[in-house]
Amino acid sequence: MRVTHLDTRGKVAELALPGWPALGRSMSWISNSQERLAVPNASLGLVSIVDPKRWALLGYVRTDGPARFVSTTPESPWLRIDSGALPGTPLRTLKVDKTTLDVVEDVADSSGGATTGEMAGKANACAL
């Protein structure tokens, strides 16, 4: 991933992310006064977590298939990560703590439908 300053068109940083990062589906949030960026991966089962101040890779959240979407709201303590959609694998939604990046809930939908509805009725669920 190459980060470019849009005014000067100069290179700011370059960051090696594995697989096929889906930058258009990325989500940022602030946790403990630190900005974080979650970049889903369209080819590997992971979401890269980046510090956009230093453009440093902080780690990964593993998923059960290609990560499709990452979503959250400013008020929510959770990230929601949708993954799957490979033949023979269920769609999954992971509820991830924004501060620790621990998976606190994993909901699978073997019917092939979206899992958002299953999580929407649960306390502190992050649904759009």
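Residues numbered from 1 in each chain as written. Predicted model: local features only at pLDDT ≥ 70, side-chain atom pairs only at ≥ 80, totals over all residues. Heavy atoms only, no water.

### What to know about the pairing of strand β9 (residues 91–97)
Then comes step 1: In terms of burial, β9 is largely enclosed, as 7 of its 7 residues are buried.
Then comes step 2: Residues of β9 alternate between two faces, with Leu91, Thr93, Lys95 and Asp97 on one and Arg92, Leu94 and Val96 on the opposite face, all of them buried.
Then comes step 3: Pairing of strand β8 (residues 78–83) with β9 involves 6 bridges; the strand directions are antiparallel. The residue of β9 that forms the bridge with Ile81 is Leu94. (Buried < 20%, exposed > 50% of the residue type's maximum accessible area, 1.4 Å probe, protein only. Helix = DSSP H or I, 4+ residues; strand = E, 2+ residues; numbered from the N terminus. Pairing = 2+ DSSP bridges.)

### Thoughts on the sheet that holds strand β10 (residues 103–109)
Then comes step 1: Reading across from one edge, β7-β8-β9-β10 is the order of the 4 strands in this open sheet, with antiparallel pairing throughout. Sheet topology places β7 (67–71) and β10 at the edges, where each strand pairs with a single neighbour. On average, each strand axis in the sheet is inclined to that of its neighbour by 15°, with strand direction left out of account.
Then comes step 2: Two strands pair when backbone bridges link them, and β7 and β8 are joined in this way by 4 bridges, in the antiparallel orientation. Within the sheet, the bridge partner assigned to Ser71 lies in β8 and is Arg80. (Axes fitted to C-alpha atoms, helices over the stretch in contact; angles between N-to-C directions.)

### Thoughts on the pattern of salt bridges
Then comes step 1: In total, this model carries 7 salt bridges according to the counting rule given.
Then comes step 2: Of the charged contacts in the structure, one is a salt bridge between Asp51 and Arg54, with a shortest N-O distance of 2.9 Å.
Then comes step 3: Residue Asp51 is classed as buried on the basis of its relative accessible area of 5%.
Then comes step 4: The shortest N-O distance in the salt bridge between Lys95 and Glu105 comes to 3.8 Å. Placement of Lys95 in strand β9 and of Glu105 in strand β10 is noted, with a sequence separation of 10 residues between them. Each of the two residues, Lys95 as well as Glu105, counts as buried.
Then comes step 5: Salt bridges linked by common partners bring Arg36, Asp51 and Arg54 together as one network. (Salt bridge = Lys/Arg side-chain N within 4 Å of Asp/Glu carboxyl O.)

### Comments concerning the environment of Arg54
Then comes step 1: Relative to the helices and strands, Arg54 is located in the loop between β5 (46–51) and β6 (56–62).
Then comes step 2: Take Arg54: its relative accessible area is 56%, and that puts it in the exposed class.
Then comes step 3: Sequence-wise, Arg54 and Val12 are 42 residues apart; in three dimensions their C-alpha atoms are separated by 10.0 Å.
Then comes step 4: Side-chain polar atoms of Arg54 contact the side chain of Asp51, separated by 2.9 Å. (Polar contact = N/O pair within 3.5 Å; in protein donor to acceptor, adjacent residues only side chain to side chain.)

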